[in-house]
Amino acid sequence: MYHFLKTVARLGRCCLLALPLAVSASGGKLQTATDLRAEAESAGHSGGPLILLFSRQDCPYCQAIKRDYLQPLASNLRYRNKVVVRQINQDSDAPITDFRGGRSTHARFAAAERIKLVPVVAFYGPDGKRLTDPIIGTRLPDFYQSYLEQAIEKSVLALKTR
C-alpha cells in the first residue's frame, strides 16, 4: 500500500509539473518574435540556437510545421531548455527589434533574410548569424523530425566551436 501511495504521489507531481507545458502547447500558436537580439541571447545562454519559423497566415504548410514539429519541440525534454522558437510573419507589419537592436517589421526582416517562399525554419546564434542551412519547405514529412533534430545538433556544435 505504501508503494502504491508513493507512486500515486509521484505521478501527481509529474502531472502538476507538466500542466504548464500542456497549456502552452495547446494554445496552437508559436510566440511571435519581438526582440531577436534578446531572444537569440537567451537561446545562446542555454547553449542552443534561436529557431525562427518564417511563415504566412495563408500557408497551410506553415501551420503543419508549427503544429506537428515546432510546438512539440517546446515540450520535448531534450530541447525545451536548449532552444528558443519564435515565428516571423512574412506578411505582417508588426514591429520587431532586429539582431543589431534596430527597429524593423516582420515583413522587412523576412525580406532582408531573402525569404521568398515559406515555410522556412532557420537557426541563429546570439550574434544573429545563421548556424546551419535552413530547412526550406516541408520536405518529406516522414523525415522532417530528423531534419529538424540534425539542424539543431549542427547549430549546437557550431555554437561550441565559436
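Everything below is about the structure shown above.
To keep things clear, this report deals only with the structure shown in the data block. Everything numeric here is computed off the predicted structure, so don't read it as measured data. (Residues numbered from 1 in each chain as written. Predicted model: local features only at pLDDT ≥ 70, side-chain atom pairs only at ≥ 80, totals over all residues. Heavy atoms only, no water.)

1. Let's talk about the packing of aromatic side chains
Moving on, step 1. Taken as a whole and judged by the stated rule, the model has 5 aromatic pairs.
Moving on, step 2. Between the aromatic rings of Tyr69 and Tyr144, the centroid separation amounts to 4.6 Å while the plane-to-plane angle is 40°, which identifies the pairing as tilted. Highlighted residues: Tyr69 in helix H3 (residues 60-75) and Tyr144 in helix H5 (residues 144-160), separated in sequence by 75 residues.
Moving on, step 3. Exposure remark for Tyr144: the relative accessible area of 1% places this residue in the buried category.
Moving on, step 4. In this structure an aromatic cluster arises from ring pairing among Phe54, Phe99, Phe109 and Tyr124.
Moving on, step 5. Stacked on the ring of Tyr147, the Lys or Arg Arg139 has its end atom at 5.0 Å from the ring centre. (Phe/Tyr/Trp six-rings, centres within 6.5 Å; stacked < 30°, edge-to-face > 60°. Helix = DSSP H or I, 4+ residues; strand = E, 2+ residues; numbered from the N terminus. Buried < 20%, exposed > 50% of the residue type's maximum accessible area, 1.4 Å probe, protein only. Lys NZ or Arg CZ within 6 Å of the ring centre and 35° of its normal.)

2. Section: the pattern of salt bridges
Moving on, step 1. Taken as a whole and judged by the stated rule, the model has 7 salt bridges.
Moving on, step 2. Arg67 is the salt-bridge partner of Asp68, the closest N and O atoms lying 2.9 Å from each other.
Moving on, step 3. Judged by relative accessible area, Asp68 falls into the partly exposed class, the value being 37%.
Moving on, step 4. For Glu113, the salt bridge goes to Arg130, with nearest N and O atoms at 3.4 Å. Of this pair, Glu113 sits in the loop between helix H4 (106-112) and strand E5 (120-124) while Arg130 sits in the loop between E5 and strand E6 (135-136), and the two are 17 residues apart along the sequence.
Moving on, step 5. Where salt bridges share partners, they join Arg78, Glu149 and Glu153 into one cluster. (Salt bridge = Lys/Arg side-chain N within 4 Å of Asp/Glu carboxyl O.)

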